[in-house]
Amino acid sequence: MRKKLTFLGIETSCDETAASIVQEKQDGTGKILSNVISSQVDNHNKFGGVVPELAARSHLENIEFIINKSLKVSKLKLSDIDGIAATAGPGLVVCLTVGLNIGKAIAGFLKKPFIAVNHLEGHALSPGLEKKLDFPFLLLLISGGHSQFLIVNDINDYRQLGTTIDDALGETFDKTSKMLGLSYPGGPVIEKLAKKGNGDKFKLPLPIINKAGCNLSFAGLKTAILREVEKNKIDNNFKNNLAASFQKTIIKILKKKTKVAIDEFKKISNNNFNHFVVAGGVAVNKDIRKNLKLIAEQSGLKILFPDPKICGDNAAMIAWAGINRYKKKLLNDLSVPPKSRWQLDERAPFMKGPGLKL
Ligand code: KG4
Ligand code: ZN
């Protein structure tokens, strides 16, 4: 019997310093032997967002400790590891460099395979740790920096169906929270307040909802929230109602555009797919999960989410992507650079910024 692959994953693309040991299982899923995450949220909270230099310094200070801890928790030694996977992009280059370089150094020293992982592929494949994914599948990736619908044909083979033309969904949660004087990251606090508020209190716009295709847009929604914040007295009642109205609006947009993406993929694939994966930090949101589950069921699809513990940034998803890429012989040499931009579908137009076309 072939030895079960065991990988060390390293993640430093943004504000979490993370290391994890993951082992493949006989049934094609994976076992997380350790998943150590050091969040820098408190460092960045007072700035309402991530400060790159602060984040990079904190990664440098913590990374060795975090990797050692991940080994200790897994009860393995570095010599038991079959390969090293580190996030190479997209993200802040000063941050990526820390994890990427230490991953390369370990791989070089141990003479073990090295895999440079796209952070987004980490999120995309993360539910596969628990349940074997049927390719091709539809993916909705909703995180702090990205909001996209993709067809995942296979590992390393993606086709983008739609993306945000302005802000990412997680970023919109974060900005909304900031406008309401609440903490960073915004998602968890908005979700909590939304439970106490009236979602019909504020009528917020649904940008490009009736435009063909499954692109997304959240900038207009953000502006509308700013208007409400300027017009109203910001007390707890207002915060709860605005959070609830905001979340209800997001859910309307996601439901509509998910239906469009499902129809598009059904046409392209002759109805030949079963799984709908929703991943990324925003996918932890219970109300979003519940509503997208309904849409999937109506379309006869099985919806899969990552375990909430690995929805946000973590290194288990990086180790897992590393194992999957290794099995496809997608190895990297140690000269691989960090990439601030790195789309899963490299053919897709880059939609953010000036010159974008709707
Ligand atoms: O995937 P992730 O950890 O980092 C990126 O790759 O960007 O996603 C972080 C994003 C943040 O914007 C955060 O506000 C959002 O995920 N988030 C949530 C929730 N928890 C985190 N959004 C909505 N509801 C939540 N409960
Ligand atoms: Zn992420």
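Details of the structure are given in the entry above.
Per-chain numbering applies: the sequence of each chain, read as written, is numbered from 1 onward. Starting at A for chains and at 1 for ligands, labels are handed out in the order in which the entities are written. Two thresholds apply to this predicted model, a pLDDT of at least 70 for residue-level local features and 80 or more for giving and counting side-chain atom pairs, whereas whole-chain, interface and lining totals are computed over all residues. Only hydrogens and water are set aside when side-chain values are computed; all heavy atoms of the structure are taken into account.

(A) Broad picture of the coordination of the zinc ion (ligand 2). Protein coordination of the zinc ion (ligand 2) is provided by H119 (NE2), H123 (NE2) and D313 (OD), with donor distances spanning 2.0 to 2.1 Å. In this description, a donor is an N, O or S atom within 2.8 Å of the metal centre, a cutoff extended to 3.2 Å for sodium, potassium and calcium. Water is not part of the atom list, which can make sites seem incomplete. Here the donor residues of the zinc ion (ligand 2) share one chain and are spaced in sequence as H-x3-H-x189-D. Remark: D313 occurs in the loop between strand 10 (302-304) and helix 10 (316-327) and H119 occurs in helix 4 (residues 119-125); sequence separation between them is 194 residues. Classification of H119 by relative accessible area gives buried; the value is 7%. Helical segments are the DSSP runs of H or I of at least four residues, strand segments are the runs of E of at least two, and each set is numbered from the N terminus. Exposure classes here rest on a 1.4 Å probe applied to the protein chains alone. A residue is buried below 20% of its type maximum, exposed above 50%, and partly exposed in between.

(B) Representation of the packing of aromatic side chains within the structure. Pairing of aromatic rings covers Phe, Tyr and Trp, the last through its six-membered ring, and needs centres within 6.5 Å; plane angles under 30 degrees mean stacked, over 60 mean edge-to-face, and all others mean tilted. A complete count under the given rule lists five aromatic pairs for this structure. Residues F202 and F238 carry aromatic rings whose centres are separated by 5.5 Å and whose planes lie at 80° to one another, so their mutual orientation is edge-to-face. Of this pair, F202 sits in the loop between helix 6 (186-194) and helix 7 (219-231) while F238 sits in helix 8 (residues 236-269), placing them 36 residues apart in sequence. Both residues of the pair, F202 and F238, belong to the buried class. Here K339 stacks its cationic end above the ring of W342, 4.1 Å away from the centre of that ring. Here, a charge over a ring means that NZ of Lys or CZ of Arg falls within 6 Å of the ring centre while also lying within 35 degrees of the ring normal.

(C) View of the pairing of strand 1 (residues 6-11). Summarising burial for strand 1: six of the six residues are buried, a large majority. Residues T6, L8 and I10 of strand 1 are buried on one face, and the alternating residues F7, G9 and E11, pointing to the opposite face, are buried as well. Should DSSP find at least two bridges between two strands, the strands are regarded as paired. Taken together, strand 1 and the strand that follows it, strand 2 (residues 16-24), pair antiparallel across an intervening segment of four residues. Pairing of strand 1 with strand 4 (residues 83-89) involves four bridges; the strand directions are parallel.

(D) Inspection of the pattern of salt bridges at higher detail. Salt bridge, as used here: a side-chain nitrogen of Lys or Arg that lies within 4 Å of a carboxyl oxygen of Asp or Glu. Tallying each qualifying case throughout the model produces 14 salt bridges. One salt bridge in this structure joins R347 and D345, with 3.0 Å as the shortest N-O distance.

(E) Structural detail: the sheet that holds strand 10. If you trace the five strands from one edge of the open sheet to the other, you get 8-7-6-9-10, paired in mixed fashion. Looking along the sheet, the strands with just one partner apiece sit at the ends: strand 8 (157-163) and strand 10. Each neighbouring strand pair of the sheet contributes to a mean axis angle of 25°, computed without reference to strand direction. Both strand 6 (residues 137-142) and strand 9 (residues 275-279) contribute to a ladder of four bridges, which runs parallel. To obtain each axis, a line is fitted to C-alpha atoms, and for helices this fit is confined to the stretch in contact; angles are then taken between N-to-C directions over 0 to 180 degrees.

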